[in-house]
Amino acid sequence: MKLLIEKINNEGIVLSSSVLKVDSFLNHQIDPQLMHEIGKEFASRFEDCGITKILTIESSGIAPAVMTGLQLNVPVVFARKRKSLTLVNNLYTASVYSFTKEETSEISVSNQYISENDKVLIMDDFLANGQAALGLVEIAEKAKANIAGIGIVIEKGFQDGGSLLREKGYRVESLTTISALENGTVSFEKNTFSKKVELTR
Ligand code: G4P
């Protein structure tokens, strides 16, 4: 997605050979216009899939997910990373290990908001090692929902998440894929569109 690549080139800060800081438009301050375009792009890629719900994880997955939900006219549910005072019973949960933070967290979604009647689009801002996406897959599977695919704003192609999810048969659509973060420079892969794989899971 051209606009996103321009934004990363103009505002992204390479913190190390594995971490890109995009706080000015995605992870702290949010650019609504860019999110709107991102929502339209995901909606066009998944418009024929019969999506009934978008499943994401707090916090940075929420903005692109809401814009996509607006375009597809479906609700958005986000997995919580912290225990909620009001959300204690009837939860689907999954353990997510973060290689970046070296910690495991339990994520949860109420069984009120996802069911076997749903066809979900899983979304997140970054795809690194794929653990957050796999946690969301696990929650969707526990709810016996159908998974239409996984939408990612920025995939880091040099980490394992993308291949892990694609090898499991999921359709992963990333709006941009970074091939390397070297010498303060971001290199992009020419995005390959994944095959439209219909899953029965
Ligand atoms: P994984 O889910 O793909 O395995 O990723 P990982 O555990 O490594 O990521 C932990 C957190 O770091 C996630 O956000 C993820 O989005 C973010 N992250 C991973 N790589 C990068 C990167 O290169 N740049 C930036 N900016 N973020 C990255 P989080 O802690 O859940 O934060 P948030 O969603 O609350 O903002």
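Keep in mind that this is a model prediction, so the values were computed, not measured. (Residues numbered from 1 in each chain as written. Predicted model: local features only at pLDDT ≥ 70, side-chain atom pairs only at ≥ 80, totals over all residues. Heavy atoms only, no water.)

**Comments concerning the site of the ligand**
With respect to spatial proximity, 20 residues lie near the ligand, and among them Leu 20, Ser 60, Lys 81, Thr 100 and Lys 101 are the closest. A distance of 2.8 Å separates an oxygen atom of the ligand from a polar atom in the backbone of Gly 130. Interatomic distance of 2.9 Å between a backbone N/O atom of Gln 131 and an oxygen atom of the ligand. Here the ligand loses 84% of its free accessible area of 720 Å² to cover by the protein chains. The cavity where the ligand resides is the largest pocket. Among the elements of the structure, strand S7 (119-127) and helix H5 (131-142) are those that each provide at least two residues to the shell around the ligand. Residue classes in the shell around the ligand are distributed as six nonpolar, nine polar and five charged. (Near = heavy atom within 4 Å. Polar contact = N/O pair within 3.5 Å; in protein donor to acceptor, adjacent residues only side chain to side chain. Areas by Shrake-Rupley, 256 points an atom, 1.4 Å probe, with all protein chains shown as cover. 1 Å grid on protein atoms, 1.4 Å probe; cavity = no way out; pocket = protein on both sides within 12 Å on 5 of 7 lines; lining within 4 Å. Sits in = over half its atoms within 2 Å of the grid points. Helix = DSSP H or I, 4+ residues; strand = E, 2+ residues; numbered from the N terminus. Nonpolar A, V, L, I, M, F, W, Y, C, P; charged D, E, K, R; others polar.)

**Quick word on the pattern of salt bridges**
Oppositely charged side chains are able to pair whenever their charged atoms sit close together. Tallied over the entire structure, the rule returns eleven salt bridges. Arg 166 is the partner of Glu 155 in a salt bridge, and the nearest nitrogen-oxygen pair spans 3.0 Å. Here Arg 166 lies in helix H6 (residues 161-167) and Glu 155 lies in strand S8 (residues 146-156), a separation of eleven residues in the sequence. Through salt bridges with shared partners, a single network forms among Glu 41, Arg 45, Arg 171 and Glu 173. (Salt bridge = Lys/Arg side-chain N within 4 Å of Asp/Glu carboxyl O.)

**Topic: the environment of Ala 133**
Position of Ala 133 among the secondary structure elements: in helix H5. On the accessibility criterion, Ala 133 (5% relative accessible area) is buried. (Buried < 20%, exposed > 50% of the residue type's maximum accessible area, 1.4 Å probe, protein only.)

**Quick look at the pairing of strand S6 (residues 103-110)**
Each regular strand shows side chains that alternate between the opposite faces of the sheet. With eight bridges joining them, strand S5 (residues 91-98) and S6 adopt antiparallel strand pairing. When the sheet's bridge partners are listed, Thr 93 is paired in S6 with Ser 108. Linking S5 to S6, which pair antiparallel, is a turn of four residues; within it Glu 102 sits at a positive phi near 55 degrees. (Pairing = 2+ DSSP bridges.)

**Quick word on the packing of helix H3 (residues 32-46) against helix H4 (residues 62-72)**
Each pair of packed helices can be summarised by the angle the axes make with each other and by the distance between the axes. Relative to each other, H3 and H4 sit at 55 degrees, their axes nearing to 7 Å. Here H3 is positioned oblique relative to H4, judged by the angle of their axes. Both H3 and H4 take part in a crossing whose hand is right-handed. Taking contact as the criterion, the partners of Pro 32, Met 35, His 36, Ile 38, Gly 39, Lys 40, Phe 42 and Ala 43 in H3 are, on H4, Ala 63, Pro 64, Met 67, Thr 68, Gln 71 and Leu 72. A breakdown of the residues in the contact of H3 with H4 according to their chemical character gives nine nonpolar, four polar and one charged. (Axes fitted to C-alpha atoms, helices over the stretch in contact; angles between N-to-C directions. Parallel < 35°, antiparallel > 145°, perpendicular 65-115°, else oblique. Left-handed = near helix turned anticlockwise from the far one by under 90°. Contact = heavy atoms within 4.5 Å.)

**Here we look at the packing of aromatic side chains**
Summed over all chains, the structure comprises one aromatic pair. Pairing Tyr 97 with Phe 99 gives two aromatic rings, centres 5.0 Å apart and planes at 85 degrees, and the pair type is edge-to-face. Residue Phe 99 is classed as partly exposed on the basis of its relative accessible area of 47%. Across from the ring centre of Phe 46, 4.2 Å away, lies the NZ or CZ of Arg 171, which sits over that ring. (Phe/Tyr/Trp six-rings, centres within 6.5 Å; stacked < 30°, edge-to-face > 60°. Lys NZ or Arg CZ within 6 Å of the ring centre and 35° of its normal.)

**What to know about unusual backbone geometry**
In the segment running from Glu 58 into Ser 59, the intervening peptide bond is cis, with an omega of 0 degrees. Position of Ser 59 among the secondary structure elements: in the loop between strand S3 (53-57) and H4. With a phi close to 55 degrees, Glu 102 is a non-glycine residue in the positive phi region. Topologically, Glu 102 is positioned in the loop between S5 and S6. A positive phi is found at Asn 183, a non-glycine position, where the angle reads about 50 degrees. Residue placement: Asn 183 occurs in the loop between strand S9 (172-182) and strand S10 (185-189). Since its relative accessible area comes to 79%, Asn 183 is described here as exposed.

**Quick notes on the side chain of Lys 53**
Here Lys 53 shows up in strand S3. Those residues within four positions of Lys 53 in sequence are excluded, and the remaining contacts are Val 74, Pro 75, Val 77, Tyr 113, Ile 114, Asp 118, Lys 119, Val 120 and Leu 121.

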